[in-house]
Amino acid sequence: GVKPTQAKWMSREEAIMGTAIRAELWHEDSAIAEAALDAVMEEMHRIDRAMSPFKPESELSRINREAARAPVPISEEMFELLERSIEFSKASDGAFDITFAGVGCMFDYRNGVKPTQEEIAAALPSVSYRHLRLERRPRTIQFARGGVRIDLGGIAKGYAVDNCIALLKARGVKQALVVAGGDSRVLGDRRGRPWMIGVRDPRRKGAMVAMMPLVDAAISTSGDYERYFEADGVRHHHILDPRTGVSATAVRSATIIGPDATTTEGISKSVFVMGPERGIRFAESLPGIDAVVIDADGDMYTTAGLRRESPQSAAAGSGVRGGGYVQPN
């Protein structure tokens, strides 16, 4: 028979969903590896087509156009994700809220455009997950009032990463990393050692404030440096506080480690908006979740689970499975 080509690490990078998508994996057969990388990128494109707020033909755009008038029939996938989003809203006491888009859509970060205080005040009543009416049978969503808009920017990338990991598992891949912007998940380890994922310094490009050894875990960072512009000495970034309609200011970055990327992304957004003390307490209340928060002054806060474990335990190759330690540099 034909000898499979030599096993090695293979990776691919593309710009999809307005962010950098990267997949890295190991497989004995490079043809299977190539096909698996193709499948990852195709899945990322598929989710972008369904959930992009910028594509008028996406399912999300259709909901935003029609749901204030009448219940809109939606796919099972969209229903599950909206349901999950509302769960995050309830758990975080409204810190996570996909209806932030009612105000968020008035910001243009690329061109430095922001709404006036009057415009924000007028739009704020439309920002609340309580305006979302999901019906399981028939599978529909309706907005309780006009002016409501949703954006899945705080959960769709994590969800896409999880889908891709599941897809790789199904293809027999045992070791992989999938990254979508600030959201990453690792499958297995890195050939006998944990994957080392860096938490970047929010103010120094290319610098890391911590390295996380991960095995079969996800990590998400929400940062005020992802999409922002400065005006009058204020940093206007894309993570809005649903209560105020302006950028949350207590935190520069929030990093969450947990079992899957949908969870870690949703919690990272919640913790970012909550601020360091409340955010850390929230993360500690959730099973299997750890957090590293850099506050507005650049100080680092971590959950107790990360403080407990010594760097030696990871040096032994244990790796963090949704819990572990921080190793400052």
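Above this note sits the structure.
The following paragraphs examine the structure supplied in this document. As the structure is a computational prediction, the values presented were derived from the model and not from experiment.

This part covers the sheet that holds strand 3 (residues 72-73). Sheet architecture is open: 3 strands sit in the order 3-5-4, paired in antiparallel fashion. Only two strands of the sheet have a single partner each, and these edge strands are strand 3 and strand 4 (132-135). As paired elements, strand 4 and strand 5 (residues 140-143) share 4 bridges and run antiparallel to each other. If you follow Arg133 over to strand 5, its bridge partner there is Gln142. Packed on one face of the sheet, helix 3 (residues 76-91) meets strand 4 and strand 5 and runs near 130 degrees to strand 4.

It is worth spelling out the packing of helix 6 (residues 156-170) against helix 7 (residues 261-274) at this point. To characterise two packed helices, one gives the angle between the axes of the helices and the distance between these axes. The interhelical angle for the contact between helix 6 and helix 7, taken along N-to-C directions, is 165 degrees, at an axis separation of 7 Å. By the angle class used here, helix 6 and helix 7 are roughly antiparallel. You can see that helix 6 and helix 7 cross each other, and the crossing is right-handed. Across the interface between the two elements, Ala156, Lys157, Gly158, Tyr159, Val161 and Asp162 from helix 6 touch Ala261, Thr262 and Glu265 from helix 7. Within the contact of helix 6 with helix 7, the residues separate by chemical class into 4 nonpolar, 2 polar and 3 charged.

On to the packing of helix 1 (residues 30-51) against helix 6, then. Close contact between helix 1 and helix 6 brings their axes to 10 Å; oriented N to C, the two are set at 150 degrees. Every pair of crossing elements has a handedness; the one defined by helix 1 and helix 6 is right-handed. Contacts from Ala36, Ala39, Val40, Glu43, Met44, Arg46, Ile47 and Met51 of helix 1 reach helix 6 at Ala156, Tyr159, Ala160, Val161, Asn163, Cys164, Leu167 and Leu168. Grouping the amino acids of the contact of helix 1 with helix 6 by side-chain chemistry returns 13 nonpolar, 1 polar and 2 charged.

Moving on: the packing of aromatic side chains. Counted by the stated rule, this structure contains 5 aromatic pairs. Between the aromatic rings of Trp9 and Trp195, the centroid separation amounts to 5.4 Å while the plane-to-plane angle is 80 degrees, which identifies the pairing as edge-to-face. Within this pair, whereas Trp9 is found in strand 1 (residues 8-16), its partner Trp195 is found in strand 8 (residues 195-200), the two being separated by 186 residues in sequence. Trp9 sits in the partly exposed class, given a relative accessible area of 23%. The buried category is assigned to Trp195, whose relative accessible area is 2%. An aromatic cluster of three or more residues is present, and its members are Trp9, Trp26 and Trp195. When the ring centre of Trp9 is taken as reference, the NZ or CZ atom of Arg190 above it lies at 4.3 Å. If you follow Arg235 out to its NZ or CZ, it ends over the ring of Tyr228, 3.9 Å from the centre.

Conventions used here
Residues numbered from 1 in each chain as written. Predicted model: local features only at pLDDT ≥ 70, side-chain atom pairs only at ≥ 80, totals over all residues. Heavy atoms only, no water. Pairing = 2+ DSSP bridges. Helix = DSSP H or I, 4+ residues; strand = E, 2+ residues; numbered from the N terminus. Contact = heavy atoms within 4.5 Å. Axes fitted to C-alpha atoms, helices over the stretch in contact; angles between N-to-C directions. Parallel < 35°, antiparallel > 145°, perpendicular 65-115°, else oblique. Left-handed = near helix turned anticlockwise from the far one by under 90°. Nonpolar A, V, L, I, M, F, W, Y, C, P; charged D, E, K, R; others polar. Phe/Tyr/Trp six-rings, centres within 6.5 Å; stacked < 30°, edge-to-face > 60°. Buried < 20%, exposed > 50% of the residue type's maximum accessible area, 1.4 Å probe, protein only. Lys NZ or Arg CZ within 6 Å of the ring centre and 35° of its normal.

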